[in-house]
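Commentary on secondary and tertiary structure
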Amino acid sequence: MTAHANAPVFAEAPARSFRPGPAGTHITIRGLTKYFAGWPLYENFDLDIPKGKIVSVFGPNGCGKSTLINMIAGLVPIDSGEILFDGKSLKETKIGYVFQNYREALFPWMRTIDNIAYPLKLEGRSKAEVDRRLAELVESFDVKFDLDRYPYELSGGQQQTASIMRALAPGPEVLFLDEPFSALDYEMTLFIREKLQEVFMQTGTTMMLVSHDLEEAVYLADQVLLLTRRPTQVAEIIDYGDARPRTVDTLSEPGFVSVKKRSLDIFQREVRR
Ligand SMILES: Nc1ncnc2c1ncn2[C@@H]1O[C@H](COP(=O)(O)OP(=O)(O)OP(=O)(O)O)[C@@H](O)[C@H]1O
């Protein structure tokens, strides 16, 4: 057969095919495997996280809730598998992370306002842009405390509010929250929860929230992701579609009560397994 000099050149076929998630998927996890000390935590784990939704992660103690979001956020290395954000790698994706331990999350040598501005400055934004973004955040979080103070001069709730503002400052595509309320009192938890819900309603940022508190997990969620004991798999994904803003009244509505009950049933089944 004669070879043509200008015959089309085809790229080599990929070594293996990547199975995309359904329409509306933001984060696609395929074949995720992670061992700690020779024991599997995740083995060939697949998951699709929808775009513009809040997914609450709930499951038995030590099943790997924090490790899951830490692997997706790139804080913990994976042994094998693939994690893509809208088909892009983590490096090409802007993410934010809110830690449980806010006391260690903020830089103590920087005033609170400078902590919040820090990721914006890292991005090389001009002073005018930084100031505009800070003003927006102050307004949307309805900040009543003095951001010129150092973090250690603020209450725990104020520090966690600042941590969330810092994580949201650059406008992340995905926000990860690892038990953001667990070290706060109830009043502050309610306040920050409402603020988070407001920000979500304004921005539609995809969020993954790890929570130990089932009521809190369901309250904020569009989906409750229930995990099994390790080696961890998806036990069930429960959709929760009550309208936002959700309020304290939501807690006694039939939709909320039934999602919470179903989640608890699955959780107990997994704990007893
Ligand atoms: N760096 C590490 N080295 C060894 N084992 C680890 C490490 N990090 C986590 N693990 C183990 O992996 C498992 C999952 O931990 P992880 O903190 O992700 O679980 P979790 O579901 O968030 O836990 P909890 O409900 O207690 O908050 C636990 O058994 C934990 O001991």
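To start, this report covers the structure provided alongside it. Values in this document were obtained by computation on a predicted structure and should not be read as measured data. (Residues numbered from 1 in each chain as written. Predicted model: local features only at pLDDT ≥ 70, side-chain atom pairs only at ≥ 80, totals over all residues.)

1. Quick look at the environment of Thr-205
Counting through the fold element by element, Thr-205 comes out in the loop between α6 (186–203) and β7 (206–210). Under the C-beta neighbour-count criterion, Thr-205 is labelled buried, with 20 such atoms within 10 Å. Along the backbone, Thr-205 and Lys-51 are 154 residues apart, and their C-alpha atoms lie at a distance of 7.8 Å. (Helix = DSSP H or I, 4+ residues; strand = E, 2+ residues; numbered from the N terminus. Buried ≥ 20, exposed ≤ 12 C-beta atoms within 10 Å, placed from the backbone.)

2. Description of the site of the ligand
In the vicinity of the ligand, the contacting residues are Phe-36, Ala-37, Leu-41, Asn-61, Gly-62, Cys-63, Gly-64, Lys-65, Ser-66 and Thr-67. Looking at the shell around the ligand, the element that brings in the most residues is helix α1 (residues 65–72), giving 3 residues. Class assignment of the residues belonging to the shell around the ligand gives a composition of 4 nonpolar, 5 polar and 1 charged. (Near = placed C-beta within 6 Å. Nonpolar A, V, L, I, M, F, W, Y, C, P; charged D, E, K, R; others polar.)

3. Section: helix α8 (residues 254–272)
An ideal rise of 1.5 Å per residue puts 27 Å on 19 residues; α8 measures up with 27 Å between its terminal C-alpha atoms. On its buried face, α8 sits against β3 (54–58), α7 (214–220), β8 (223–227) and β9 (234–239). (Expected span 1.5 Å × (residues − 1). Contact = placed C-beta atoms within 7 Å.)

4. Structural notes on the nonpolar core
Val-57, Met-165, Met-208, Leu-209, Ala-221 and Val-224 are the most contacted members of the largest nonpolar core, which totals 60 residues. Ignoring any residue separated from it by four or fewer positions in sequence, one finds Leu-209 in contact with Ile-54, Ser-56, Val-57, Leu-177, Ala-217 and Leu-220. (Core = buried A, V, L, I, M, F, W, Y, C linked by C-beta atoms within 7 Å.)

5. A word on the sheet that holds strand β6 (residues 174–178)
Taken together, 6 strands build an open sheet; the order of strands is β5-β6-β7-β3-β8-β9 and the sheet is mixed. Because the sheet does not close on itself, it has two edges, and the strands there are β5 (95–98) and β9. Strand-to-strand twist of the sheet, defined as the mean angle between neighbouring strand axes without regard to direction, takes the value 15°. Pairing of β3 with β7, which is carried by 4 bridges, proceeds in the parallel orientation. Each bridged residue has a counterpart across the sheet, and for Ile-54 the counterpart in β7 is Met-207. (Pairing = 2+ DSSP bridges. Axes fitted to C-alpha atoms, helices over the stretch in contact; angles between N-to-C directions.)

6. A look at the pairing of strand β1 (residues 25–36)
Both β1 and strand β2 (residues 39–50) contribute to a ladder of 8 bridges, which runs antiparallel. Its bridge partner being in β2, Leu-32 is matched across the sheet by Phe-45. Linking two consecutive strands that pair antiparallel, namely β1 and β2, is a turn of 2 residues; a positive phi of about 50° is found at Ala-37 within it. For β1 and strand β4 (residues 80–85), the ladder comprises 5 bridges, and the chain directions are antiparallel. Bridge pairing links Arg-30 to Glu-82 in β4.

7. Concerning unusual backbone geometry
Peptide bonds are, in most cases, trans, and in most cases residues other than glycine have a negative phi. Cis geometry is adopted by the peptide bond preceding Pro-231, which originates at Arg-230 and carries an omega value of -5°. Counting through the fold element by element, Pro-231 comes out in the loop between β8 and β9. Even without being a glycine, Asn-44 presents a positive backbone phi close to 55°. On the secondary structure map, Asn-44 appears in strand β2. The residue Asp-86 is not glycine, and still its phi comes out positive at about 50°. Tracing the backbone through its elements, the reader meets Asp-86 in the loop between β4 and β5.

8. Focus: the sheet that holds β1
The strand order across the open sheet formed by 3 strands is β2-β1-β4, and the pairing between neighbours is antiparallel. Each of the sheet's edge strands pairs with one partner strand only, and the pair in question is β2 and β4. Recorded for the sheet is a direction-independent mean angle of 15° between the axes of neighbouring strands. Along the sheet face, α1 touches β1, β2 and β4 and points at about 120° away from the line of β1.

9. Some thoughts on the packing of helix α3 (residues 112–122) against helix α4 (residues 127–140)
Axis separation between α3 and α4 bottoms out at 10 Å; the angle between their running directions is 130°. What the angle tells us is that α3 and α4 run oblique. Like other packed secondary-structure pairs, α3 and α4 cross with a definite hand, here right-handed. Along its contact with α3, which presents Ile-113, Ile-116, Ala-117, Leu-120 and Lys-121, the element α4 presents Val-130, Arg-133, Leu-134 and Leu-137. When the residues that make up the contact of α3 with α4 are grouped by side-chain class, the tally is 7 nonpolar, no polar and 2 charged. (Parallel < 35°, antiparallel > 145°, perpendicular 65-115°, else oblique. Left-handed = near helix turned anticlockwise from the far one by under 90°.)

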